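Okay, here's what each chain looks like letter by letter:
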Amino acid sequence: MTRKLLILLFFIGSSFLHSQNLVWNTDLSDAFIASDAQKKPLLIFFTAANAGQKIQNEVFTTPDFAVWSRDNVILLKLDLSDNTLTDEAKEKNVMMKNALGVEEIPQACFVMITIKKNKPTISKMGVLAYKMGGAKKWISDSNSILHPSSE
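Keep in mind it's a predicted model, so treat the numbers as computed, not measured.

A.B. asks: Explanation requested: the overall build of the protein chain in the structure shown.
C.D. replies: Along the backbone of the protein chain there are six helices and four strands. For the protein chain, buried positions account for 35% of its 151 residues. Long-range pairs, those at least 24 residues apart, make up 68% of the contacts in the protein chain with a sequence separation of at least 6. Accessible surface, the protein chain: about 9600 Å² in total, of which carbon and sulfur atoms supply 57%.

Below is the structure:
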């Protein structure tokens, strides 16, 4: 009986861990379409291989962030050091970074996307870097950007 209970708990725990995995878009066009279709802001995470990992380790891997992001944003991760991308995709990613005024990485930028006649309109909402305080602090700061009138 105890063994069966342990096996059951293992499978339940395993499925819970898999449900925490986030789905980060890596293609601008796909993320724009998802953001417009779901009427959710886009969280664009600009990073590179040599960028710090604190925001990823202390915020993006937490269950709090997984729940919050699922309910509030579409995730887009643009790794500016990704060698598997085409030159065109790399250029688009760098152009997006520059257009949004992102100077340091890693950094997250919140934008609202609307698509009309196949042309996206991007409205910048704010930029947020890593700050000490963990996921709850980062989520609180993000909510201040996403919902400025509720303060």
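A.B. asks: What should I look at first to understand the confidence of the model for the protein chain in this one?
C.D. replies: The predicted coordinates ought not to be read in detail in places where the model reports low pLDDT. Of the residues in the protein chain, 85% have a pLDDT of 70 or more, and the chain-wide mean is 87. Below a pLDDT of 50 lies the segment residues 11–19, which in the model reaches zero contacts outside its immediate sequence neighbourhood of four places, other chains included.

A.B. asks: Mind showing me how you'd approach the packing of aromatic side chains here?
C.D. replies: Two aromatic rings are characterised by how far apart their centres lie and by the angle between their planes. Under the criterion given, the structure shown has 10 aromatic pairs. Plain terms: the ring middles of Trp-68 and Trp-138 are 6.2 Å apart, the flat faces sit at 90 degrees to each other, and that makes the pair edge-to-face. With Trp-68 in helix α4 (residues 63–72) and Trp-138 in helix α6 (residues 134–146), this pair connects stretches of sequence that are 70 residues apart. Consider the rings of Phe-110 and Trp-138, whose centres lie 6.1 Å apart with planes at 40 degrees: the pair is tilted. With Phe-110 in strand β3 (residues 107–116) and Trp-138 in helix α6, this residue pair connects regions lying 28 residues apart in the sequence. The residues Phe-110 and Trp-138 share a single accessibility class, namely buried. Taken together through their ring pairs, the aromatic side chains of Trp-24, Phe-45, Phe-60, Phe-65, Trp-68, Phe-110 and Trp-138 make up a single cluster.

A.B. asks: Would you explain the pairing of β3 in this entry?
C.D. replies: The pairing of strand β1 (residues 42–47) with β3 spans five bridges and is antiparallel. Its bridge partner lying in β3, Ile-44 is registered against Cys-109. Bridge count between β3 and strand β4 (residues 119–128): nine bridges; the pairing is antiparallel. Within β4, the position partnered with Ala-108 by the bridge is Leu-128. Connecting β3 to the next strand, β4, in antiparallel fashion are two residues, including Lys-117 with a positive phi near 55 degrees.

A.B. asks: I'm lost on the nonpolar core in this one. Help?
C.D. replies: Most often, soluble globular proteins keep nonpolar side chains buried together rather than apart. Counting 17 residues, the largest nonpolar core has Leu-43, Phe-60, Phe-65, Trp-68, Phe-110 and Trp-138 as the members making the most contacts within it. At the level of secondary structure, the elements contributing two or more residues to this core comprise β1, α3 (54–60), α4, β3 and α6. If near-sequence neighbours (up to four positions away) are discounted, Phe-65 is found in contact with Leu-22, Trp-24, Leu-43, Val-59, Phe-60, Leu-75, Trp-138 and Ile-139. Listed in part, the 16 residues of the second largest apolar core include Leu-28, Phe-32, Phe-46 and Leu-78.

Cut-off values and rules
Residues numbered from 1 in each chain as written. Predicted model: local features only at pLDDT ≥ 70, side-chain atom pairs only at ≥ 80, totals over all residues. Heavy atoms only, no water. Helix = DSSP H or I, 4+ residues; strand = E, 2+ residues; numbered from the N terminus. Buried < 20%, exposed > 50% of the residue type's maximum accessible area, 1.4 Å probe, protein only. Contact = heavy atoms within 4.5 Å. Areas by Shrake-Rupley, 256 points an atom, 1.4 Å probe, with all protein chains shown as cover. pLDDT = per-residue confidence, 0-100. Phe/Tyr/Trp six-rings, centres within 6.5 Å; stacked < 30°, edge-to-face > 60°. Pairing = 2+ DSSP bridges. Core = buried A, V, L, I, M, F, W, Y, C linked by side-chain atoms within 4.5 Å.

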